[in-house]
Amino acid sequence: MSNEKENNKVDVIVVGGGPAGVSAAVTVARGGKKVVLVERGSFAGSKNMYGGVIYSHAAKELFPDFENSAPIERFVTKHSYVLLSDGGSTTEISYKNPEHNKNAFVSIRAKWDRWCVEQAIKEGVYFAPDTLVRELIVEDGKVVGIKTEFEDYYADIVIIADGVNSLLAKQLGLRKEIKPKNVVLGVKEVIKLSAEVIEQRLALKPDEGISAEFIGGPFSGMFGLGFLYTNKDSLSLGLGVSLEDLKTKKIKPYELLEQLKSHPFVKELIKGGELIEYSAHLIPEGGYKCLPVLYTNGAMVAGDAAMLVNNVHFEGTNFAMLSGKYAGETALDAIEKNDFSSNQLCLYKKKLLNSFILKDLKTYKDVVKILTARSSSFMGYYPDRINEFFNIFTTADGCPKKSKFRKFVANFFKKRSLSELFYDAIEGIKLVFGILK
Ligand SMILES: Cc1cc2nc3c(=O)[nH]c(=O)nc-3n(C[C@H](O)[C@H](O)[C@H](O)COP(=O)(O)OP(=O)(O)OC[C@H]3O[C@@H](n4cnc5c(N)ncnc54)[C@H](O)[C@@H]3O)c2cc1C
């Protein structure tokens with residue numbers, strides 16, 4: 001190896017300072033090896049956005065004491081599913097359990113990612129911000145380094161954690177272009193309101209928070225939904241809809257967001273708030289059937305770059321953190337054995353297969369197919385009917401209930417045949433519980 005290569009060589013290079021990258025890097029550093037974490041943004045989190053909820057188990061696995069110093073906005077003490085109808089009515093199903101209170105928390109990515117990288121630096125990771133990786137260096141069929149705008153850098157292993165578009169995984173031929181039906185465009189507004197107003201409107205105590213998902217209403221008949229998460233003194237309000245639906249229905253995501261904001265339920269919650277941030281990002285939601293090749297000679301792919309997202313349970317950040325950790329552990333094992341071939345790095349896939357990540361993705365492997373085919377039922381017809389039912393059930397207007405319920409039942413079956421209802425029921429069970437075999 002030439003002197004220049006020797007001087008610019010470390011054990012592991014990680015590309016991408018998001019949750020997957022930082023977890024991979026800190027795992028390698030904890031194993032006593034030299035690792036560089038390369039991020040194109042001026043700080044970790046500067047280019048990133050998400051809805052807002054992180055499951056605590058993954059954060060704890062990486063940073064056991066995170067609760068003491070991490071930038072947590074609020075723990076999620078209430079999970080709500082809000083069924084909207086076009087007519088403006090709302091049915092809310094909520095789950096609250098004090099034993100669950102620390103299960104998930106809301107955090108702002110720009111703060112969370114930055115905090116994670118600060119911890120990683122303390123543990124020995126060399127962090128290189130403002131550095132765009134242009135391509136991977138491949139010699140004799142093995143990834144041996146990266147080309148940046150400044151210099152070339154070398155490593156025994158490169159961990160690719162460059163997010164949903166992963167140009168680097170594509171360069172290696174590990175991934176294909178994602179089809180519009182397998183990718184969701186998310187847009188989000190952060191709306192400033194005082195902590196007191198948020199707590200009063202959502203019936204929360206100062207240390208409590210909400211994660212709410214909106215089904216139906218503006219998203220009627222689409223593969224998509226809305227969300228609302230509580231920060232300390234702002235609300236994150238947004239939505240995610242498949243690119244295919246946006247394209248075929250010729251609707252812009254900000255138009256859907258405006259419709260969501262003007263729904264009476266949401267309008268009341270954000271009244272008087274000040275818009276302080278607008279952002280958009282893609283989410284890879286193809287699931288198990290769209291997984292790329294996860295490793296090759298000298299490289300592994302983690303997080304969104306590997307399309308590891310569970311869209312039923314809104315798990316992306318925790319998958320990213322744990323897949324990064326497994327890639328880091330596999331790198332340490334490979335260094336120990338001085339073998340960086342794909343034969344050795346297949347351990348990474350084994351770790352994913354043995355974990356809940358690939359088990360859950362397999363369970364929900366048909367979700368995209370079901371939701372694409374039955375979105376008019378699950379995202380439109382049933383939320384509307386449930387709202388209609390509660391409208392009748394909770395109205396006392398001097399008219400006998402029997403005739404109203406008769407009309408409701410007649411309408412229900414007029415628009416859905418028995419065989420369609422049966423089919424929806426089966427597909428609905430698969431949607432919630434996955435394929436239980
Ligand atoms: C609207 C929306 C809502 C979401 N809500 C949630 C939620 O509530 N909970 C949840 O768990 N998940 C959520 N997700 C998913 C979650 O954000 C992702 O799964 C997670 O961020 C993936 O982490 P990652 O590290 O793999 O990728 P990213 O977070 O995308 O990080 C990739 C990093 O790589 C850097 N990078 C890219 N290319 C290069 C390059 N060539 N050179 C150098 N650096 C590069 C980027 O700047 C970035 O910092 C949401 C996503 C969206 C879009």
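Residues numbered from 1 in each chain as written. Predicted model: local features only at pLDDT ≥ 70, side-chain atom pairs only at ≥ 80, totals over all residues.

**A closer look at the sheet that holds strand β14 (residues 224-230)**
Then, in step 1: Taken in spatial order, the seven strands make up an open sheet running β6-β5-β13-β14-β15-β12-β16, and their pairing is mixed. One side of each edge strand has no neighbouring strand; the edge strands of this open sheet are β6 (90-95) and β16 (274-284). Neighbour-to-neighbour, the strand axes of this sheet turn through a mean angle of 20°, independent of strand direction.
Then, in step 2: On the sheet, helix α9 (residues 253-262) packs against β12 (183-192), β13 (210-216), β14, β15 (234-242) and β16 and is oriented at approximately 130° with respect to β15. (Pairing = 2+ DSSP bridges. Helix = DSSP H or I, 4+ residues; strand = E, 2+ residues; numbered from the N terminus. Axes fitted to C-alpha atoms, helices over the stretch in contact; angles between N-to-C directions. Contact = placed C-beta atoms within 7 Å.)

**Re the site of the ligand**
Then, in step 1: Around the ligand, the surrounding shell holds 40 residues, and the nearest of these are Gly16, Gly18, Gly186, Gly303 and Gly316.
Then, in step 2: Within the residue set of the shell around the ligand, elements represented by two or more residues are α2 (19-30), β3 (53-55), β12, β15, β16 and α11 (317-337).
Then, in step 3: Tallied by class, residues from the shell around the ligand come to 16 nonpolar, 17 polar and seven charged. (Near = placed C-beta within 6 Å. Nonpolar A, V, L, I, M, F, W, Y, C, P; charged D, E, K, R; others polar.)

**Remarks on the sheet that holds β3**
Then, in step 1: Reading across the sheet, the three strands line up as β3-β7-β4 and stay open at both edges, with antiparallel pairing between neighbours. Every other strand in the sheet has two partners, leaving β3 and β4 (74-75) as the edge strands with one partner each.
Then, in step 2: As judged from the two bridges shared by β4 and strand β7 (residues 104-106), these two strands associate in the antiparallel manner. Pairing of arginine 74 across the sheet is with valine 106, part of β7.

**Some details on the domain arrangement of the protein**
Accessible area lost on assembly of the parts is the figure often given for the size of an interface.
Then, in step 1: Once the domains are mapped, the protein shows domain 1 (3-72 + 107-178 + 289-357), domain 2 (180-284) and domain 3 (367-433).
Then, in step 2: With centres defined by C-alpha atoms, the gap from domain 1 to domain 3 works out at 44 Å. (Domains from an automatic or database assignment.)

**Digging into the environment of glutamate 151**
Then, in step 1: Structurally, glutamate 151 can be placed in the loop between β10 (142-148) and β11 (152-160).
Then, in step 2: In this structure glutamate 151 comes out as exposed when scored by C-beta crowding, with 11 C-beta atoms within 10 Å.
Then, in step 3: Measuring from C-alpha to C-alpha, the distance between glutamate 151 and alanine 195 comes to 47 Å, with 44 residues separating the pair along the chain. (Buried ≥ 20, exposed ≤ 12 C-beta atoms within 10 Å, placed from the backbone.)

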